[in-house]
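Structure at a glance
If you want the building blocks of each chain, they are given just below.
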Amino acid sequence: MPNNGKSGQRTRIMLMAHSYWPENSPPQRRWSSLIREFRAAGWQVDAVVPVAHFPQGIRSLPRKEAGTAFRSQKGPHGEVILRIPYVPHSGNFHPARLFDQIFSAAMSIPAGIFWRKPNVVIVTAPSLPILLAGYVVAKARRVPLIVEMRDAWPDLARDARLVKGNVKSGIERVVEAVQFRADMVVAVTQGFAETLRARGVKNVVTVSNGLDVDLVPSFDAPSMDKEILDVLYLGNHGQSQRLDTVIRASALVGPSMHLHMVGHGTHRPALMKLAEELNAPVTFYDSLHGQEVFGPLQGRGQLHCFFA
């Protein structure tokens, strides 16, 4: 049974995140899997996260599931979740969403400092305000800090033209400062891990997203005689994905192509409006998970292309 070096005392992890169970989001799915394994190894896990309100920006689940601010609840794997308050907002309005993240990150600092002491603090991006909060809590508690970069921030912001000109401003400087000061940085891809090492970040490891291939059905190759090219996009409909380019391309191809868009994100309403304006051959679906993903294409024949 893992311990922190003291007889009879188990390792305790404090996870700080902007989204967690019972929400259905990329950090929730990744960390639910990781925490299940941590708990199986005998580790104690405390999660400091907001009251569940993703992606709508308001609480839509019963309070018993979503949680109550500054009260703890049991998670699905035996972890203890301490909820922090949030600012209700429209999930599509960027400034309000950023303010919500800043407010929740600020509230997570006293929650993390005055709750029971962990052996290590783990903070997960791309919610940038929570990175700084995790750094403050780890320093105050005098424990190691592990920073998980699920996306290639701040590089992603510049590549997607979210950061322009001399705005290496707060965004890039704060992110890089936390990365340099962390005891370990976790990247999801080996490529970004190499980028961080080349930049001078120490102790970088890669923990990729996993997939249970036994749960994924296999498909026969699509018929070459099929008249319509079926393409499926599965993932976030956000600003950094630049999905307007894909929709414009489908409009150029016309009725010989059908684009299936599965997921949600802040830019989804704008993308739906664009597809309607261009009369693009696009069908939008709500977020689907597991075997549900393959439902939209039943009756359409085999996929020609899939990307996420």
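Here, every reference points to the structure presented above.
First, a word on what this report is: a plain description of the structure on this page. (Residues numbered from 1 in each chain as written. Predicted model: local features only at pLDDT ≥ 70, side-chain atom pairs only at ≥ 80, totals over all residues. Heavy atoms only, no water.)

**Some thoughts on the overall build of the protein chain**
Scanning the protein chain from N- to C-terminus turns up 9 helices and 12 strands. Here the protein chain holds 308 residues, and 41% of them are scored as buried. Expressed as a percentage of contacts within the protein chain between residues at least 6 apart in sequence, the contacts between residues at least 24 apart total 68%. (Helix = DSSP H or I, 4+ residues; strand = E, 2+ residues; numbered from the N terminus. Buried < 20%, exposed > 50% of the residue type's maximum accessible area, 1.4 Å probe, protein only. Contact = heavy atoms within 4.5 Å.)

**Notes on unusual backbone geometry**
In the segment running from tryptophan 21 into proline 22, the intervening peptide bond is cis, with an omega of 5°. Following the sequence through the fold, proline 22 ends up in the loop between β1 (12-16) and α1 (26-40). One non-glycine residue, phenylalanine 70, adopts positive backbone phi at about 65°. Positionally, phenylalanine 70 belongs in the loop between α2 (63-66) and β3 (72-74). Within the chain, asparagine 279 stands out as a residue other than glycine whose phi angle is a positive 55°. Structurally, asparagine 279 can be placed in the loop between α9 (268-278) and β11 (282-285). Here asparagine 279 falls in the exposed class, since its relative accessible area comes to 68%.

**Overview of the nonpolar core**
With 32 residues, the main nonpolar core has Met16, Val121, Leu131, Leu145, Val147 and Met149 as its most contacted residues. Once you skip the residues sitting within four places of it in the chain, leucine 131 turns out to touch Val123, Ala125, Val147, Met149, Val175 and Val178. Ile13, Leu15, Trp31 and Ile81 belong to the second-largest nonpolar core, a separate cluster that totals 15 residues. (Core = buried A, V, L, I, M, F, W, Y, C linked by side-chain atoms within 4.5 Å.)

**Topic: the pairing of strand β5 (residues 120-125)**
Most of β5 sits inside the fold, with 6 of its 6 residues counted as buried. Residues Val120, Ile122 and Thr124 of β5 are buried on one face, and the alternating residues Val121, Val123 and Ala125, pointing to the opposite face, are buried as well. Pairing of β1 with β5 involves 4 bridges; the strand directions are parallel. Following the sheet pairing, methionine 14 is matched in β5 by valine 121. Bridge count for β5 against strand β6 (residues 145-149) is 5 bridges, and the pairing is parallel. Among the inter-strand pairings, alanine 125 is bridged to a residue of β6, identified as methionine 149. Taken together, β5, helix α4 (residues 128-141) and β6 constitute a β-α-β crossover, and its handedness is right-handed. (Pairing = 2+ DSSP bridges. Right-handed = clockwise from strand over helix to strand, strands pointing away.)

**Topic: the packing of aromatic side chains**
Inspection of every chain in the model, using the stated rule, returns 2 aromatic pairs. Among the aromatic residues, those joined into a ring-pair cluster are Trp31, Phe38 and Trp43. (Phe/Tyr/Trp six-rings, centres within 6.5 Å; stacked < 30°, edge-to-face > 60°.)

**Observations regarding the packing of helix α3 (residues 94-114) against α4**
Relative orientation of the contacting elements α3 and α4 amounts to 15°, with a least axis distance of 8 Å. Between α3 and α4, the crossing angle belongs to the class labelled roughly parallel. Crossing handedness for the pair α3 and α4: right-handed. Together, Leu98, Gln101, Ile102, Ala105, Ser108, Ile109, Gly112, Ile113 and Phe114 of α3 and Leu128, Pro129, Ile130, Ala133, Val136, Val137, Ala140 and Arg141 of α4 make up the contact between the two elements. Here the residues of the contact of α3 with α4 are counted per class, giving 13 nonpolar, 3 polar and 1 charged. (Axes fitted to C-alpha atoms, helices over the stretch in contact; angles between N-to-C directions. Parallel < 35°, antiparallel > 145°, perpendicular 65-115°, else oblique. Left-handed = near helix turned anticlockwise from the far one by under 90°. Nonpolar A, V, L, I, M, F, W, Y, C, P; charged D, E, K, R; others polar.)

**As for the side chain of serine 104**
Locating serine 104 in the fold gives a position in helix α3. Serine 104 sits in the buried class, given a relative accessible area of 6%. For serine 104, the contacting residues outside a window of four places in its chain are Pro50, Ile84, Pro85 and Tyr86.

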